[in-house]
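These are the residues of each chain, in order.
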Amino acid sequence: DGGITQSPKYLFRKEGQNVTLSCEQNLNHDAMYWYRQDPGQGLRLIYYSQIVNDFQKGDIAEGYSVSREKKESFPLTVTSAQKNPTAFYLCASTTGRNSYEQYFGPGTRLTVT
Amino acid sequence: QKEVEQNSGPLSVPEGAIASLNCTYSDRGSQSFFWYRQYSGKSPELIMFIYSNGDKEDGRFTAQLNKASQYVSLLIRDSQPSDSATYLCAVRGSAGYSTLTFGKGTMLLVSP
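In this text, all values refer to a predicted model and were calculated from it rather than measured experimentally.

Conventions used here
Residues numbered from 1 in each chain as written. Chains lettered and ligands numbered in written order. Predicted model: local features only at pLDDT ≥ 70, side-chain atom pairs only at ≥ 80, totals over all residues. Heavy atoms only, no water. Pairing = 2+ DSSP bridges. Helix = DSSP H or I, 4+ residues; strand = E, 2+ residues; numbered from the N terminus. Axes fitted to C-alpha atoms, helices over the stretch in contact; angles between N-to-C directions. Contact = heavy atoms within 4.5 Å. Buried area = accessible area lost by both parts, 1.4 Å probe. Salt bridge = Lys/Arg side-chain N within 4 Å of Asp/Glu carboxyl O. Polar contact = N/O pair within 3.5 Å; in protein donor to acceptor, adjacent residues only side chain to side chain.

Asks: Can you explain the sheet that holds strand 8 (residues 76-78) of chain A? Please cite residues and give values.
Replies: Residue and element names in this part refer to chain A. If you walk across this open sheet you meet the 4 strands as 1-3-8-7, and the pairing is antiparallel. At either margin of the open sheet sits one strand with a lone partner, and together these are strand 1 (4-7) and strand 7 (64-66). Put simply, the sheet's adjacent strands are angled 20 degrees from each other on average, direction ignored. As judged from the 3 bridges shared by strand 3 (residues 19-25) and strand 8, these two strands associate in the antiparallel manner. The residue of strand 8 that forms the bridge with V19 is V78.

Asks: An account of the interface of chain B and chain A is needed here, citing residue identities and associated values.
Replies: Listed as interface residues are 19 residues of chain B and, on the opposing side, 24 residues of chain A. The contact between chain B and chain A buries some 1700 Å² in all, and 59% of this surface belongs to carbon and sulfur atoms. Summed over the shared surface of chain B and chain A, the number is 0 salt bridges. On inspection of chain B and its partner chain A, the count reaches 4 residue pairs in polar contact (both at pLDDT 80 or more). Of all the secondary-structure elements, those providing two or more residues to the side of chain B that touches chain A are strand 4 (32-38), strand 5 (45-50), strand 9 (85-92) and strand 10 (100-102) of chain B. For the side of chain B that touches chain A, the leading source of residues is strand 4 of chain B, giving 4 residues.

Take a look at the structure:
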């Protein structure tokens, strides 16, 4: 089955710890995205990548980092510098070739206490 | 600053009625428009996209785009309780390769 997977589904961390969220896709999509969603809010873009070994900051990149070493994978690290890391994190992808429909993974709910 | 505005709702309709969800956007040059459905606790699911002025129909869903008025809507015919969800409007801007800007969503409640 083709799709986007995110792991884990739920993640709990102590304040001051870095944590890495996984996103993998087997859709052969070029572009991948990370969003966060807070209760009652829309999706806000953290980082995106159009091709391997290249990525750009979104609207709220501070306190986050990413890598894109493989086409299939786009992990997101939430660093201790992120002031309010508790949120629902969503990964999405699109073919990126004149196609802009983004498809989402199931999400990771991160709680930092 | 690109903005996408939606009424937060909830929009309540009886089963079998037509639900009308609306979205306005600020970037006049926006090219592509998307509707996502998001059930509580789940990730968004793409249900419709529209690139040209006019109507686009897919089953019980119709997307309507009016670029002159900077307005896009989603009509759901014969609404079912299973349609109860939050509907997110997303817009791709005008500047070359562009990311999507999402509205905060409208909650739809369909009562049996």
